[in-house]
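# Understanding the architecture of this molecule
Here are the chains, one letter per residue:
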Amino acid sequence: MTPQPRPIPALYCVYILRSTVRHSSLYIGSTPNPPRRLSQHNGVVKGGAVRTSRSSLRPWEMVALVSGFASSTAALKFEWALTNPHTSLHIPSESRLAFSTQRKRNGQPKRPPKSLSSILSNLHLLLSVPSFARWPLRVHFFKRDVHAAWGRWCGKVERELRGSLPVVTDFGEDEGAVVARASASEPLGVVGEGLDGDGGGEEVPTWGIYGLPLDYTPLKEYVAKGQDIFEFERQGSCVVCKEEIDPEEGGLYAVCSNEGCEGVGHLRCWGRYLLKSEEGGGEGAILPVGGRCPRCKGEVHWGTMMKELTLRVRGQKEVENLLKVKRKRAPRKKTAKTKETGEEDG
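Here is a short report on the structure shown in this document. (Residues numbered from 1 in each chain as written. Predicted model: local features only at pLDDT ≥ 70, side-chain atom pairs only at ≥ 80, totals over all residues. Heavy atoms only, no water.)

### Some words on the overall build of the chain
- Scanning the chain for helices and strands turns up nine helices and 10 strands.
- Considering the chain as a whole, with its 346 residues, one finds that 43% of them fall into the buried category.
- As displayed, the chain has an accessible area near 20,100 Å², and 49% of this comes from carbon and sulfur atoms. (Helix = DSSP H or I, 4+ residues; strand = E, 2+ residues; numbered from the N terminus. Buried < 20%, exposed > 50% of the residue type's maximum accessible area, 1.4 Å probe, protein only. Areas by Shrake-Rupley, 256 points an atom, 1.4 Å probe, with all protein chains shown as cover.)

### Observations regarding the pairing of strand β1 (residues 13-19)
- Counted residue by residue, β1 has seven buried out of seven residues, so it is predominantly covered.
- Because side chains alternate across β1, one face comprises the buried residues Cys13, Tyr15, Leu17 and Ser19, and the other comprises Val14, Ile16 and Arg18, equally buried.
- Judged from the six bridges that link them, β1 and strand β2 (residues 26-31) form a sheet pairing that is antiparallel. Within β2, the residue paired with Cys13 across the bridge is Thr31.
- Adjacent in sequence and paired antiparallel, β1 and β2 are bridged by six residues. (Pairing = 2+ DSSP bridges.)

### Things to note about the environment of Pro166
- Mapped onto the elements, Pro166 comes out in the loop between α4 (144-156) and β5 (167-170).
- By relative accessible area, which is 2% here, Pro166 ends up buried.
- For the pair Pro166 and Arg138, spaced 28 residues apart in sequence, the C-alpha to C-alpha distance is 5.1 Å.

### Regarding unusual backbone geometry
- Following Arg58, the chain continues to Pro59 via a peptide bond in cis, the omega torsion being 5°.
- One can find Pro59 in the loop between α1 (34-41) and β3 (60-67).
- Phi is positive for Glu233, close to 55°, though the residue is something other than glycine.
- Glu233 gets classed as exposed once you look at its relative accessible area, which sits at 65%.
- For Lys297, which is not glycine, the phi dihedral falls at a positive 65°.
- Classification of Lys297 by relative accessible area gives exposed; the value is 52%.

### Details of helix α5 (residues 220-231)
- When the terminal C-alpha atoms of α5 are compared, their 16 Å separation across 12 residues agrees well with the 16 Å that a helix rising 1.5 Å per residue should span.
- Turning to α5, its buried residues are Tyr222, Val223, Lys225, Gly226, Ile229 and Phe230. The buried residues of α5 all sit within an arc of 160° when viewed along its axis, so they share a single face. Opposite its buried face, α5 presents the exposed residues Glu221 and Glu231, each directed more than 90 degrees away.
- Against the buried residues of α5 lie β7 (253-255), β8 (264-266), α7 (302-314) and α8 (316-323).
- Within two residues after α5, Glu233 carries a phi angle of roughly 55°, on the positive side. (Expected span 1.5 Å × (residues − 1). Arc of directions from axis to C-beta. Contact = heavy atoms within 4.5 Å.)

### Quick look at the packing of α5 against α7
- Here α5 crosses α7 at 55°, and the two axes come no closer than 10 Å. On the basis of the axis angle, α5 is oblique to α7. Between α5 and α7 lies a crossing whose hand is right-handed. Facing Tyr222, Val223, Gly226, Gln227 and Phe230 of α5, the residues of α7 in contact are Thr304, Met305, Glu308, Leu311 and Arg312. (Axes fitted to C-alpha atoms, helices over the stretch in contact; angles between N-to-C directions. Parallel < 35°, antiparallel > 145°, perpendicular 65-115°, else oblique. Left-handed = near helix turned anticlockwise from the far one by under 90°.)

### Description of the environment of Arg51
- Turning to its location among the elements, Arg51 is positioned in the loop between α1 and β3.
- Placed 24 residues apart in sequence, Arg51 and Tyr27 show a C-alpha to C-alpha distance of 7.9 Å.
- With residues near it in sequence (within four places) discarded, Arg51 still touches Tyr27, Trp60 and Arg111.

### Thoughts on the packing of aromatic side chains
- One pass over the full model with this rule turns up seven aromatic pairs.
- Each ring, one from Phe69 and one from Phe78, has its centre 5.3 Å from the other, and the planes form 55°; the classification is tilted. Each member of the pair, Phe69 as well as Phe78, is classed as buried.
- Judged by centre distance (4.9 Å) and plane angle (90°), the ring pair of Phe132 and Trp135 falls under edge-to-face.
- For Phe132, a relative accessible area of 1% translates into the label buried.
- On the basis of relative accessible area, Trp135 is assigned to the partly exposed category, the value being 24%.
- Cluster of aromatic residues (ring-pair linked, three or more members): Phe69, Phe78, Phe132 and Trp135. (Phe/Tyr/Trp six-rings, centres within 6.5 Å; stacked < 30°, edge-to-face > 60°.)

### Some words on α4
- Between its first and last C-alpha, α4 extends 19 Å over 13 residues, near the 18 Å set by a 1.5 Å rise per residue.
- Every buried residue of α4 is accounted for by Val146, Ala149 and Trp150. The arc enclosing the buried residues of α4, seen along the axis, measures out at 100°, which places them on a common side. What points out from α4, more than 90 degrees from its buried face, is the exposed set Arg152 and Gly155.
- For α4, the secondary structure elements touched by its buried residues are β1, β3, α3 (116-126), β4 (138-141) and β5.

Fair warning: the whole summary comes from geometry, so function is off the table for now.
Below is the structure:
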């Protein structure tokens, strides 16, 4: 049976793990739930990787991660490339930074030793290669020394990252989250919202990996707007080509993500318009990164628009869970036995 298409996940990331006991011990992985995955690596819950199971290296900490992957497959592709930069076909041979000097018994190149600097330099490289440069990714740093090492590498290399690529730092509870990005209007909904960690009833921090959204809560108003537009047939004409939109034709339509704007357009029209508005006209690109809505002139981001679109088209269950009104649970009525003994049934 062919699996049904799913909406873009609320969160899927590739993370860098470091032993707090020995900082030279590092691990790269991917997950839709960083708090739960960290608990697995530290043996709090089942499911950790064999390479992080040594008690002498625990506890582990997530020092950085990259979020914004459109699927688990996309995240795994990036994870593999970051783990194997010496053989990854996503890295052009002339740009490669990691090289294998030994061979395995089967003749394959042996993976070179990892260090923090090698991981960060290859992370920077992967974010700039054609395979990943235009993906709607976001880089997060949770440790000051790791972010400082990233900054030192960025200052050394000539290759620049996309100007709109957000870099987020969140070093602790008292410092909050700081975002460095080219666009001041980049939405910050992915930071500090939607907490759903593994607290087990205990108090859980609201910063770092525990401040990342594990559900679609940051998109709630946007999703509700899209639902209303099409339910009450307010889509009107395409904001780009001006042709009347008829949902019964079965086409795909994107909605402006800005509050108060109900600009709707054909997916192909949005794509061409935003590509044309990019510097250099999006030369050689198939999909845009972002731009400005032709109706409200507010900034829009292709990744965010596609997440709403896939929820509207493929995620009926997710939308229902997101928009349903949560009712307060009524107090349990005491039975005769409860009144007499002071104990509740069950």
